[in-house]
Amino acid sequence: KKNELECPECEYRCRSAISWCRHLKEKHTTTPTLAGCLLRCDCGHESYSKKHSNKCEISNFTIIRNGDGPIRRLTDTP
């Protein structure tokens, strides 16, 4: 069973890294990198992007949040 990925901003939960990244971008105008969220796969791979989920047979992720401050948005960057 895959882990549920939780949004750091709202109640949204899913089991797909691709859906989770899309939610961050569309609903919160941010990315995993800007949000400070690292995706750690059960195989040991760590990444700020969803690309690993296309290559790994396991693709069971846990979100590791760096810091507890506010999430940066795409509009915050120059």
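Residues numbered from 1 in each chain as written. Predicted model: local features only at pLDDT ≥ 70, side-chain atom pairs only at ≥ 80, totals over all residues. Heavy atoms only, no water.

Within an unreviewed UniProt entry, the label attached to the chain reads C2H2-type domain-containing protein, and the organism entered is Pristionchus mayeri.

The next point concerns the environment of Leu24. You can see Leu24 is positioned in helix α1 (residues 17–28). Residue class for Leu24 comes out buried when judged on its relative accessible area of 0%. With sequence-adjacent residues up to four places away left out, Leu24 is seen in contact with Cys7, Pro8, Thr29, Thr30, Thr31 and Pro32. (Helix = DSSP H or I, 4+ residues; strand = E, 2+ residues; numbered from the N terminus. Buried < 20%, exposed > 50% of the residue type's maximum accessible area, 1.4 Å probe, protein only. Contact = heavy atoms within 4.5 Å.)

A word on the UniProt feature "domain: C2H2-type" (unreviewed entry) in the chain. Per the UniProt record, "domain: C2H2-type" (unreviewed entry) is found at residues 7–28. What you have in residues 7–28 is 55% helix and 9% strand, and the ends, taken at the C-alpha atoms, are 10 Å apart. (UniProt positions renumbered as here; feature names shortened; annotations may be inferred.)

Evaluated as defined, the whole model comprises four salt bridges. Residue Glu6 is joined to Arg13 by a salt bridge in which the shortest nitrogen-to-oxygen separation is 3.1 Å. Overall, Glu6 belongs to the partly exposed group, its relative accessible area being 41%. Overall, Arg13 belongs to the partly exposed group, its relative accessible area being 44%. Put simply, Glu46 and Arg40 hold a salt bridge, and the shortest N to O gap is 2.5 Å. Given a relative accessible area of 39%, Glu46 falls into the partly exposed group. Look at the salt bridges and you will find they share partners, linking Glu4, Glu6 and Arg13 into a network. (Salt bridge = Lys/Arg side-chain N within 4 Å of Asp/Glu carboxyl O.)

Glancing now at a positive patch on the surface. On the surface, a cluster of positive charge is made up of Arg22, Lys25, Lys50, Lys51 and Lys55. On the secondary structure map, Arg22 appears in helix α1. Judged by its relative accessible area of 44%, Arg22 falls in the partly exposed class. (Patch = residues over 30% accessible without salt bridge, like charges linked within 9 Å, V, L, I, M, F, W, Y side chains within 5 Å. Areas by Shrake-Rupley, 256 points an atom, 1.4 Å probe, with all protein chains shown as cover. Lys, Arg positive; Asp, Glu negative; His and termini not counted. Charge placed at Lys NZ, Arg CZ, Asp CG, Glu CD.)

Take the nonpolar core next. If you look at the biggest cluster of nonpolar residues, it comprises 14 residues, and the most contacted ones within it are Leu5, Ala17, Trp20, Leu39 and Phe61. Elements supplying a minimum of two residues to this core: α1 and β3 (37–41). If one sorts the elements of this core by residue count, α1 sits on top with four residues. In contact with Phe61, not counting residues within four places along its chain, are Asn3, Leu5, Ala17, Leu39, Arg40, Cys41, His52 and Ser53. (Core = buried A, V, L, I, M, F, W, Y, C linked by side-chain atoms within 4.5 Å.)

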